[in-house]
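What follows is each chain in one-letter form.
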Amino acid sequence: GAVVSQHPSRVICKSGTSVKIECRSLDFQATTMFWYRQFPKQSLMLMATSNEGSKATYEQGVEKDKFLINHASLTLSTLTVTSAHPEDSSFYICSAREAGRYEQYFGPGTRLTVT
Amino acid sequence: AQKVTQAQTEISVVEKEDVTLDCVYETRDTTYYLFWYKQPPSGELVFLIRRNSFDEQNEISGRYSWNFQKSTSSFNFTITASQVVDSAVYFCALLMEYGNKLVFGAGTILRVKS
């Protein structure tokens, strides 16, 4: 149980284009989903928290117009990196949490490379 | 402010050795939750354990055991008879009772050599 999928696992895009990453909870309803960014050999940095049907709450320093988050259903959240630049290259990880639970279950991550 | 410190950046052991990963946390809240996650080279974080602040009972799961000491604000993780498959980055994390945000430690890289 508690499986979270992420798609795609790897994506390479050209500078200036937009990329959408999907995060799905496969066997539970995720009332809250989280998006993280992880740089090499570093810990996870929370980018934003989203509750189903509500606007996402972004962490300080994260541009909400650049990283668009949509949590339209209890099993799906998307992160769109708009007008990507090479500095957006990173490992993006989503996690999901069920209502009334404290554990976050993580997706396998998406490696984004912007050329 | 909440903080999690994993002072060991990297640990190397030989297979079958026991190894303890340290985690020290800071919070003023009386109710909170502590977690350990494993991140193997594949990148996916795997949930290992959650411990509530009001439950100081230690836990054992196979070769894994956890020692929660409120008096020293520590939540250490021991792997007994380590195996090569245990090689990964291990993160300790803290969650406040009414919070959403997991506060992660910097992680400890564990390398188990055969």
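Residues numbered from 1 in each chain as written. Chains lettered and ligands numbered in written order. Predicted model: local features only at pLDDT ≥ 70, side-chain atom pairs only at ≥ 80, totals over all residues. Heavy atoms only, no water.

**Describing the interface of chain A and chain B**
The partner chain B presents 20 residues to the 20 residues of chain A that form the contact. Taken together, the two surfaces of chain A and chain B that pack against each other cover about 1,600 Å², and 56% of this comes from carbon and sulfur. Sorting the residues of chain A by area buried against chain B places Y102, E103 and F106 of chain A first, and these three jointly supply 35% of that buried surface. Linking chain A with chain B are two salt bridges. Across the salt bridge formed by R50 of chain B and E103 of chain A, the nearest N and O atoms sit 2.7 Å from each other. Counting every contact that joins chain A to chain B gives seven residue pairs in polar contact (both at pLDDT 80 or more). Listing elements by their share of the side of chain A that touches chain B, those giving two or more residues are strand 4 (30-38), strand 5 (44-51), strand 9 (90-98) and strand 10 (105-106) of chain A. (Contact = heavy atoms within 4.5 Å. Buried area = accessible area lost by both parts, 1.4 Å probe. Salt bridge = Lys/Arg side-chain N within 4 Å of Asp/Glu carboxyl O. Polar contact = N/O pair within 3.5 Å; in protein donor to acceptor, adjacent residues only side chain to side chain. Helix = DSSP H or I, 4+ residues; strand = E, 2+ residues; numbered from the N terminus.)

**Concerning the pairing of strand 11 (residues 110-114) of chain A**
Every regular strand shows the same layout, with side chains that alternate between the two sheet faces. Residue and element names in this part refer to chain A. Here strand 11 shows a clear split, with T110, L112 and V114 buried on one side and none of R111 and T113 buried on the other. One ladder, built from four bridges, connects strand 2 (residues 10-13) with strand 11; its direction is parallel. Residue V11 lies in a different strand from strand 11, and its bridge partner there is L112. Note: strand 9 against strand 11, three bridges, orientation antiparallel. Bridge pairing links F91 to R111 in strand 11. (Buried < 20%, exposed > 50% of the residue type's maximum accessible area, 1.4 Å probe, protein only. Pairing = 2+ DSSP bridges.)

**Examining the environment of L76 of chain A**
With respect to the helices and strands, the residue L76 of chain A is situated in strand 8 (residues 76-81). Not counting chain neighbours up to four residues away, the residues in contact with L76 of chain A comprise E22, C23, R24, M33, N70 and H71 of chain A.

**Quick word on the sheet that holds strand 3 (residues 19-25) of chain A**
Residues and elements named next belong to chain A. Read from one edge to the other, the open sheet built from four strands follows the order 1-3-8-7, with strand pairing classed as antiparallel. Here the strands that pair on one side only, and so sit at the sheet edges, are strand 1 (4-7) and strand 7 (67-73). Between one strand axis and the next, the sheet turns through 15° on average, direction left out of account. Relative to strand 8, strand 3 runs antiparallel, the two being bridged by six bridges. By the bridge assignment, I21 is partnered in strand 8 with L79. (Axes fitted to C-alpha atoms, helices over the stretch in contact; angles between N-to-C directions.)

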